[in-house]
Amino acid sequence: MGYRNLAECVRDLERTVQLIRIDDELDADLEIAAVQRRVCQAGGPALLFTRVRNCSFPMLGNLFGTLDRTRFLFRDTWPTIQQLFALKADPLRLLKTPALWPGALLGALNLLPRKVSGGPILRHRTTIDKLPQLKSWPEDGGPFITLPLVYSESVSRPGIRHSNLGMYRVQLAGNSYRPGEEVGLHYQLHRGIGVHHTEALKEGRPFRVNIFVGGPPALTMAAVMPLPEGMPELCFAGLLGGRISMISRPERLPIPAEADFCITGTVIPGKTLPEGPFGDHLGYYSLQHDFPVLAVEEVFHRSGAIWPFTSVGRPPQEDSVFGAFIHELTGPVIPTLVPGVSAIHAVDAAGVHPLLLAIGSERYTPFAENPAPQELLTQASALLGTGQLSLAKYLFIVNGSDDPALRVEDIPAFFHHLLERVDWRRDLHFQTRTTIDTLDYSGSGFQQGSKLVIAAAGPRLRDLPSALPTDLSLPAGFGQPRLALPGILLIEGPPADSLRGQADEALERFCTSLAPEAAVNRFPLVVLVDDSDFCARTLNNFLWVTFTRSDPAVDIDGIGSATVSKHWGCTGSLVIDARSKTHHAPPLVDDPEVEKRVDALGARGGPLHGII
């Protein structure tokens, strides 16, 4: 049986030595978030901060900080959930395997929430200023809720069946918000709450929203799951948690009875205010933009309430574990999303949405003498039209039968396979002037940019160099060549000086200065960077810089490029300009003084000694 509430979870983790209490008084302004990030990066335990400066509520961090601990939290229901996802991929398996019937039936019984008249969540009231005021990064615009569970319903079809529970960040104070009366509600493209908000505006009806914090871990995990249409997250939380969800105040917008906190309110029609900046999961600040404002009505909390939180930043962070856990659960369903696609991998080190790898299949032309990507292009289009996958900026897709042993999670092997086979004259497919992730500032405007599909199939076309050539010659202003991976060359270029949406002059000069026989063309992929040593140091550095700092339609050029029948390609190296541009958001940088205080906690005699 799963946890009834967060307090039960904390006691269980403490009993099994997977949680430590930090009784030193720490500040929610930068200090606590910095501690959580350091412990998460060290693979450490969950953290209960019992003395939060100027706040009476304890804070819980790093709850989902490791994949093993996340599996532990759902150990009672993990087998059943995996079976149910597998059954979705192969429904006939249920008929063939009667042993699965009891587990599937028991899980289904927990799907429908039960309405109750009261509940622990309604026990106490408080105000916004009394809540933990978590600020994660020095330039954040104010305190934020970083694990908010934002609940909304269709105004024309009210009820849980047509509800959405999503994790959309909430700014508690700062900027122009009326203190204690207004909070900022940030949600991105292709999110369920946007459908509800649009509907309410169209019908001229109040758009009510509840924000939950805490409750059983299943509630948090359900809010980030990519569930199919028609499966409410509150229902899935019961399935994942192994017990029926109890819902208070069913005659209004419902509240989970076992939540720790709840903020109720109504989105103010026609009013938006600047929200942010906020240190986000791509490793940069998301800047100030106008977002909806929630007029706060009530703030509830249970007795002994605990405030769970996370701090995001350049991956990997705690939110990376969410992605890994979700992938383990939903892996069997992937082949049912797009016929022919056997595996996908949203690369966490690249910021998730900037880079998607996929293994597809060419099934319909086995007689082709010189196979070119055909069905792969259909599959790529389908992937870019599927849920959150539609936010992918780069999609690399290969033919699985060319190497049946290839694993999409093996990033170096995947790049090696693709670069051995890709034909830059044929295999580049751009989408220009389209939408990109709200948090990605590499594009031509807010939520505006381009996408690139690279589809590679067929026999090997080249050997990939694994060392720098002795005859490498580069144009003036370019130097410090380094090897990122076999076939991938990093080159430092001059500081970029381009307008947003326009290619930098240095990129064009680099490509036009090199002849087809130049040694650089032995490398199918060249990346222009600011610091080649940094990018070559680790695979994660290469992935982060290359795919978060480039807009495909603007920042890609090639040696020997040409446009034929409106299709662009090149005969030599493909060149990605991944230098920092003036319109890019600033990267996240830790506060040195705060880091010194965190170091002190890890010194001998400190609560984190031996952990960080």
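Here the structure is shown first, and the text comes after it.
Just so we're clear, the structure is a prediction, and the values are computed from it rather than from any experiment. (Residues numbered from 1 in each chain as written. Predicted model: local features only at pLDDT ≥ 70, side-chain atom pairs only at ≥ 80, totals over all residues. Heavy atoms only, no water.)

A. Layout of the pattern of salt bridges. Taken as a whole and assessed by the stated rule, the structure comprises 38 salt bridges. A salt bridge links Arg4 to Glu8; the shortest N-O distance between them is 3.8 Å. Glu8 gets classed as partly exposed once you look at its relative accessible area, which sits at 25%. Among the ionic pairs, Asp533 bridges to Arg482, the shortest N-O distance being 2.7 Å. One end of the pair, Asp533, is in helix H15 (residues 532-537); the other, Arg482, is in strand E24 (residues 479-485), and 51 residues separate them in sequence. The exposure class assigned to Asp533 is partly exposed, which follows from its relative accessible area of 37%. Assessed through its relative accessible area of 26%, Arg482 is described here as partly exposed. One salt-bridge network, in which partners are shared between bridges, spans Asp504, Asp555, Asp577, Arg579 and Lys581. (Salt bridge = Lys/Arg side-chain N within 4 Å of Asp/Glu carboxyl O. Buried < 20%, exposed > 50% of the residue type's maximum accessible area, 1.4 Å probe, protein only. Helix = DSSP H or I, 4+ residues; strand = E, 2+ residues; numbered from the N terminus.)

B. Spatial organisation of the packing of helix H8 (residues 217-224) against helix H9 (residues 233-241). In contact at an axis separation of 8 Å, H8 and H9 are set at 130° when each is read in the N-to-C sense. Classified by the angle between their axes, H8 and H9 sit oblique to one another. As H8 packs across H9, the resulting crossing turns out to be right-handed. Each of Ala218, Leu219, Met221, Ala222 and Ala223 in H8 lies in contact with H9, whose residues at this interface are Glu233, Leu234, Phe236, Ala237, Leu240 and Gly241. Of the residues belonging to the contact of H8 with H9, the class tally is nine nonpolar, one polar and one charged. (Axes fitted to C-alpha atoms, helices over the stretch in contact; angles between N-to-C directions. Parallel < 35°, antiparallel > 145°, perpendicular 65-115°, else oblique. Left-handed = near helix turned anticlockwise from the far one by under 90°. Contact = heavy atoms within 4.5 Å. Nonpolar A, V, L, I, M, F, W, Y, C, P; charged D, E, K, R; others polar.)

C. Inspection of the nonpolar core at higher detail. With 48 residues, the main nonpolar core has Leu355, Phe396, Phe415 and Leu543 as its most contacted residues. Setting aside its immediate chain neighbours within four residues, Phe396 contacts Leu355, Leu356, Leu357, Ala358, Phe414, Phe415, Leu418, Ile454 and Phe547. With 47 residues, the next largest nonpolar core counts Tyr3, Phe64, Leu219 and Leu253 among its residues. (Core = buried A, V, L, I, M, F, W, Y, C linked by side-chain atoms within 4.5 Å.)

D. Molecular detail of the environment of Pro256. Positionally, Pro256 belongs in strand E13 (residues 255-256). Residue class for Pro256 comes out buried when judged on its relative accessible area of 7%. In the structure, Pro256 is positioned 44 residues away from Phe212 in sequence and 7.9 Å away in space, judged by C-alpha atoms.

E. Highlighting empty space enclosed by the protein. This structure, assessed with the given rule, holds five cavities of 30 Å³ or more. Every residue along the wall of the largest cavity is listed here: Leu282, Tyr284, Leu439, Asp440, Tyr441, Ser442, Thr548, Arg549, His584 and Ala585. Considering only residue class, the lining of the largest cavity consists of five nonpolar, three polar and two charged. Of the volumes computed, that of the second largest cavity is approximately 50 Å³. For the lining of the second largest cavity, the secondary-structure elements that each account for two or more residues are helix H2 (31-41) and helix H18 (592-602). Here the lining of the second largest cavity is built from residues that sort into five nonpolar, one polar and four charged. (1 Å grid on protein atoms, 1.4 Å probe; cavity = no way out; pocket = protein on both sides within 12 Å on 5 of 7 lines; lining within 4 Å. Points joined across faces, edges and corners; volume = space filled by probe spheres on them.)

The analysis is restricted to geometry; functional conclusions fall outside its scope.
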